[in-house]
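Structural features, examined
Spelled out, the chains give:
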Amino acid sequence: MKKTIWLLSLLALLSSCSSCGDGGNGNQGNTITVVESVAPAFDADSAYTYVARQCSFGPRTMNSAAHDSCGNYIANELARHGAAVYNQYANLQLYDGTPIRARNIIASFDTANACRILVCAHWDSRPWADHDADKNKHKSPIDGANDGASGVGIIMEIARQLQQTPPPVGVDLVCFDAEDCGVPDWAEYDGDTGDTWCLGSQYWSMRVSANGYSARFGILLDMVGGKNTVFCKEQLSMHFAPSIVDKVWAAGQRIGYAKYFNNSVGGGVTDDHVPVNRQAGIPCIDIIGTNADKMEGFPATWHTVNDNIQHIDRPTLKAVGQTVLEVIYSEK
Ligand code: AHN
Ligand code: ZN
């Protein structure tokens, strides 16, 4: 009996301590926070399956059969979820002049709606594991489970939700090609100004406004499914679209993912959101994974052969996918 009372008072003490930092509103004791979420539930198992399926084709490197087959799979799956799908094909060139056949896959919901939100990710995978610890693997292609497939997996699950529960705004899901064939570390090549990356998004962004398209804002997803990942506020996103960063981070924190959506500002990244901001004129942010151990840099599997399905984490997919859904369904 005595032991129980002692335990109870210890618990009371602990809970009153944890409420000391409640902002000084005098609200002592246990505060139950009711999370008001307006979006349908994002299914992380479903997103995980979409990531695994993309990886099952093999590395989605430019000009490969796996790339072609996976492109068909993504386009068919998005159409099956009720999107109007447009394939934008482009003949482009790698940094060394190699011709590549690129394909941006654009899936639109509620096309009559003038208010539109863009969600994008790249679907190609890097042809070279140039950051692998093993030098012998620097020319091996990667699965890109996190770097590529995770963002597209979330996009496919979002498509499934959009069909089941139409939101108040129109949504365009864009899977960019040829993001990850920028100059490899081992290449003897001077003059990488960053434009050897993000070839598909550059192509799309240079043409989209002439085609009469715009969006209220965009959200790019990159490396959004790794273990041991947090999301810092990416510097170029803060430059181009600080209010969108704040909106997305606030939504994530509001619905319970403060552990993932960290308020610190990370470094700037050359990524698909740059041409979307600069050429397309659409304010677009990048939700991009940071290594949680170091609180800086990319996840440990980045551009290594370990970027495979074994290192994909459902809770990370859930945090990002649910947050993006929350932003979409909160928009008026
Ligand atoms: C550079 O390393 C220049 N950009 C990183 C963009 C990226 C590559 N995201 C995923 N893979
Ligand atoms: Zn990459």
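Residues numbered from 1 in each chain as written. Chains lettered and ligands numbered in written order. Predicted model: local features only at pLDDT ≥ 70, side-chain atom pairs only at ≥ 80, totals over all residues. Heavy atoms only, no water.

Some details on the overall build of the chain
Regarding its fold elements, the chain presents 9 helices and 9 strands. Its C-alpha atoms give the chain principal-axis dimensions of about 80 × 50 × 35 Å. With 332 residues in all, the chain has 55% of them scored as buried. Put simply, 78% of the contacts in the chain that link residues at least 6 apart link residues at least 24 apart. When the accessible area of the chain is evaluated, it comes to approximately 14,700 Å², of which 52% is carbon and sulfur surface. Positive and negative side-chain charges in the chain, numbering 25 and 36 respectively, have mean positions lying 7 Å apart. (Helix = DSSP H or I, 4+ residues; strand = E, 2+ residues; numbered from the N terminus. Buried < 20%, exposed > 50% of the residue type's maximum accessible area, 1.4 Å probe, protein only. Contact = heavy atoms within 4.5 Å. Areas by Shrake-Rupley, 256 points an atom, 1.4 Å probe, with all protein chains shown as cover. Lys, Arg positive; Asp, Glu negative; His and termini not counted. Charge placed at Lys NZ, Arg CZ, Asp CG, Glu CD.)

Side note on the site of ligand 1
All residues adjacent to ligand 1 are D147, E179, D180, W197, D222, M223, V269, T270, W302 and H303. D222 places a side-chain nitrogen or oxygen 2.7 Å from a nitrogen atom of ligand 1. In the model, a nitrogen atom of ligand 1 is placed 3.3 Å from a nitrogen or oxygen of the H303 side chain. Contact with the protein chains hides 87% of the accessible area of ligand 1, taken as 310 Å² for the molecule alone. Counted by class, the shell around ligand 1 contains 4 nonpolar, 2 polar and 4 charged residues. (Near = heavy atom within 4 Å. Polar contact = N/O pair within 3.5 Å; in protein donor to acceptor, adjacent residues only side chain to side chain. Nonpolar A, V, L, I, M, F, W, Y, C, P; charged D, E, K, R; others polar.)

A look at the sheet that holds strand β7 (residues 261-265)
One open sheet holds the 3 strands; their spatial order is β7-β6-β9, and the pairing between them is mixed. The open sheet is flanked by β7 and β9 (290-291), the only strands paired with a single partner. Two elements, strand β6 (residues 229-233) and β9, share 2 bridges in a ladder whose sense is antiparallel. Of the residues in β9, the one forming a bridge with T229 is N291. Taken strand by strand, helix α7 (residues 242-254) contacts β6 and β7, and its axis lies near 145 degrees from that of β7. (Pairing = 2+ DSSP bridges. Axes fitted to C-alpha atoms, helices over the stretch in contact; angles between N-to-C directions.)

Some details on the pairing of strand β3 (residues 116-122)
Buried residues dominate β3, accounting for 7 of its 7 residues. In β3, alternate side chains face the same way, and those of R116, L118, C120 and H122 on one face and I117, V119 and A121 on the other are all buried. For the segment spanning β3, helix α4 (residues 145-164) and strand β4 (residues 170-176), crossover handedness is right-handed. With 4 bridges joining them, β3 and strand β5 (residues 217-222) adopt parallel strand pairing. Looking at β5, one finds that L118 is bridged to G218. (Right-handed = clockwise from strand over helix to strand, strands pointing away.)

A word on the sheet that holds β5
Ordered by their spatial adjacency, 6 strands build an open sheet running β1-β2-β4-β3-β5-β8, and the pairing between neighbours is mixed. The sheet terminates laterally at β1 (84-93) and β8 (284-288), the two strands that pair on one side only. Across the sheet, the mean angle from the axis of one strand to that of its neighbour is 20 degrees, orientation sign disregarded. Against the sheet, helix α5 (residues 199-208) contacts β1, β2 (99-109), β3 and β4, and its axis sits at roughly 110 degrees relative to β1.

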